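These are the residues of each chain, in order.
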Amino acid sequence: MRRIVVTPAGRQRYLEILCEHLKCAFEKGSIDEWHLWLNTHNQNDIDYMVDLEREYPWIHVIRIEQGPQCDNFTICKFFQHECDDDAVYIRLDDDIVFLDEHFFDTMFEYRLQNPQYFLVYANIINNAYISYYHQQNNLVTYPHQCGKNCMDAVGWKDPHFAEAIHRAFLKDCRDGTIQKWYTSFDPIIVEEYARVSINVISWLGSSFKKFNGRVGRDEELWLSVTKPRLLKQPNVILNTAIACHFSLFTQRDHLDSTDILSQYGSIVPHSTE
């Protein structure tokens, strides 16, 4: 069973951090391929991805026919390329800036052992629905309460909350105390097919092959709500695989003005390549 990572891409400034994690994972044999879904018209970012493909045979740039629009509503077209029977997939947003040491082995193993779930989510730092549980378990201190809602006014919209949760996690990384983020909750079956941001998800190629990878235009709504409800096959959030998501568009301007990205860059693992 091939282990394939896919990433809607790309923004070089984030991909440079994510790439280091992927190179280490490939060296350990935890992944077989990384597919970069070319979803930008920025030539510098395109050149960066093409250079990666040229340098590393296990990295592949996936292209589709695109018009002038290139945004979240074009990503759905790429799934048709990612539904092989003999593959299991993990999708990472291009601004995933931290993956725990055993992330891929943990995610892939759980995904294969639990085919009853449509999607498996990671334990995503800075994902409003999941942040609700982290705040409830006192992992982040903030004067306003995050609600259990994909587009919550605090967890999704408030950039200062995003900064607070990143700084809390980074402190625990420096102190060697991130174990409490794994035990903040047990695996959570998403209730009533609620919408959850799809920053880090895993699926079985055999499952997606049944509908030829044809995903609705609003991929997040379709994957997190529409299709699992239709199949009566819920999604689950796995607590033991941690991934940090840098920012939602509502948070980005503020987070870009901080040192958060450079902090994650300073703790990124480095491969021997």
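Each remark here, short or long, concerns the structure printed above.
So, here's what we can say about the structure. In this text, all values refer to a predicted model and were calculated from it rather than measured experimentally.

Cut-offs applied
Residues numbered from 1 in each chain as written. Predicted model: local features only at pLDDT ≥ 70, side-chain atom pairs only at ≥ 80, totals over all residues. Heavy atoms only, no water. Helix = DSSP H or I, 4+ residues; strand = E, 2+ residues; numbered from the N terminus. Buried < 20%, exposed > 50% of the residue type's maximum accessible area, 1.4 Å probe, protein only. Areas by Shrake-Rupley, 256 points an atom, 1.4 Å probe, with all protein chains shown as cover. Salt bridge = Lys/Arg side-chain N within 4 Å of Asp/Glu carboxyl O. Phe/Tyr/Trp six-rings, centres within 6.5 Å; stacked < 30°, edge-to-face > 60°. Lys NZ or Arg CZ within 6 Å of the ring centre and 35° of its normal. Expected span 1.5 Å × (residues − 1). Bend = angle between axes of the 7 residues up to and from the residue. Disulfide = S-S within 2.5 Å. Lys, Arg positive; Asp, Glu negative; His and termini not counted. Contact = heavy atoms within 4.5 Å. Core = buried A, V, L, I, M, F, W, Y, C linked by side-chain atoms within 4.5 Å. Pairing = 2+ DSSP bridges.

In terms of regular secondary structure, the protein is built from 10 helices and nine strands. For the protein, the spread of C-alpha atoms along the principal axes amounts to about 45 × 45 × 40 Å. Out of the 273 residues in the protein, the part that is buried amounts to 60%. For the protein, the accessible surface area stands at approximately 11700 Å², while carbon and sulfur atoms represent 48% of it.

Let us now look at the pattern of salt bridges. Think of it this way: side chains of opposite charge can pair up when their charged atoms draw near. One pass over the full model with this rule turns up 19 salt bridges. Each of Arg2, Glu33, Asp84 and Asp86 takes part in a single network of salt bridges with overlapping partners.

This paragraph deals with the packing of aromatic side chains. Taken as a whole, this structure holds 22 aromatic pairs when the rule is applied. Ring centres 5.9 Å apart and planes at 55° place the aromatic pair tyrosine 56 and tryptophan 58 in the tilted group. Considered together, tyrosine 56 and tryptophan 58 belong to a single accessibility category, that of buried residues. Positioned above the aromatic ring of phenylalanine 73, the side-chain terminus of arginine 217 is 4.4 Å from the ring centre.

We now examine helix H1 (residues 12-27). Between its first and last C-alpha, H1 extends 22 Å over 16 residues, near the 22 Å set by a 1.5 Å rise per residue. Of all the bends in H1, the greatest measures close to 25° and is centred on leucine 18. Among the residues of H1, Tyr14, Leu15, Ile17, Leu18, Cys19, Glu20, His21, Leu22, Lys23, Cys24 and Ala25 are the ones counted as buried. Downstream of H1 by one or two residues, glycine 29 has phi in the positive range, about 80°.

Per the counting criterion, the structure on display carries zero disulfides. Free of any disulfide, cysteine 173 has its nearest neighbouring cysteine sulfur in cysteine 244, separated by 6.3 Å. For cysteine 173, a relative accessible area of 22% puts it in the partly exposed group.

Moving on to unusual backbone geometry. A cis geometry characterises the amide bond from alanine 9 onward to glycine 10, with omega recorded as 15°. Positionally, glycine 10 belongs in the loop between strand S1 (2-9) and H1. Even without a glycine there, the phi angle at glutamate 192 is positive, about 50°. By the element assignment, glutamate 192 lies in the loop between strand S7 (188-189) and strand S8 (200-204). Positive phi is not limited to glycine here, since tyrosine 193 has a value of about 50°.

This paragraph deals with the side chain of aspartate 45. Tracing the backbone shows aspartate 45 in helix H2 (residues 43-55). Arginine 11 provides the closest opposite charge to the buried, unpaired aspartate 45, separated from it by 7.1 Å. Setting aside residues no more than four positions away along its own chain, aspartate 45 makes contact with Gly10, Arg11, Gln12 and Thr40.

If you look at the biggest cluster of nonpolar residues, it comprises 71 residues, and the most contacted ones within it are Leu22, Trp34, Leu92, Phe103, Phe104, Val200 and Leu223. In this structure leucine 22 touches Val5, Ile31, Trp34, Trp58, Leu92, Leu99 and Phe104, once residues within four positions along its chain are discounted. Judged by nonpolar contacts, the second largest core, of 28 residues, contains Cys146, Tyr182, Ile242 and Leu255.

In this section: the pairing of strand S4 (residues 87-92). Burial of S4 is extensive: six of the six residues sit out of reach of the surface. Both faces of S4 are covered, namely the face carrying Ala87, Tyr89 and Arg91 and the face carrying Val88, Ile90 and Leu92. Where S1 meets S4, five bridges bridge the pair, whose relative direction is parallel. Across the sheet, isoleucine 4 pairs through a bridge with tyrosine 89, a residue of S4.

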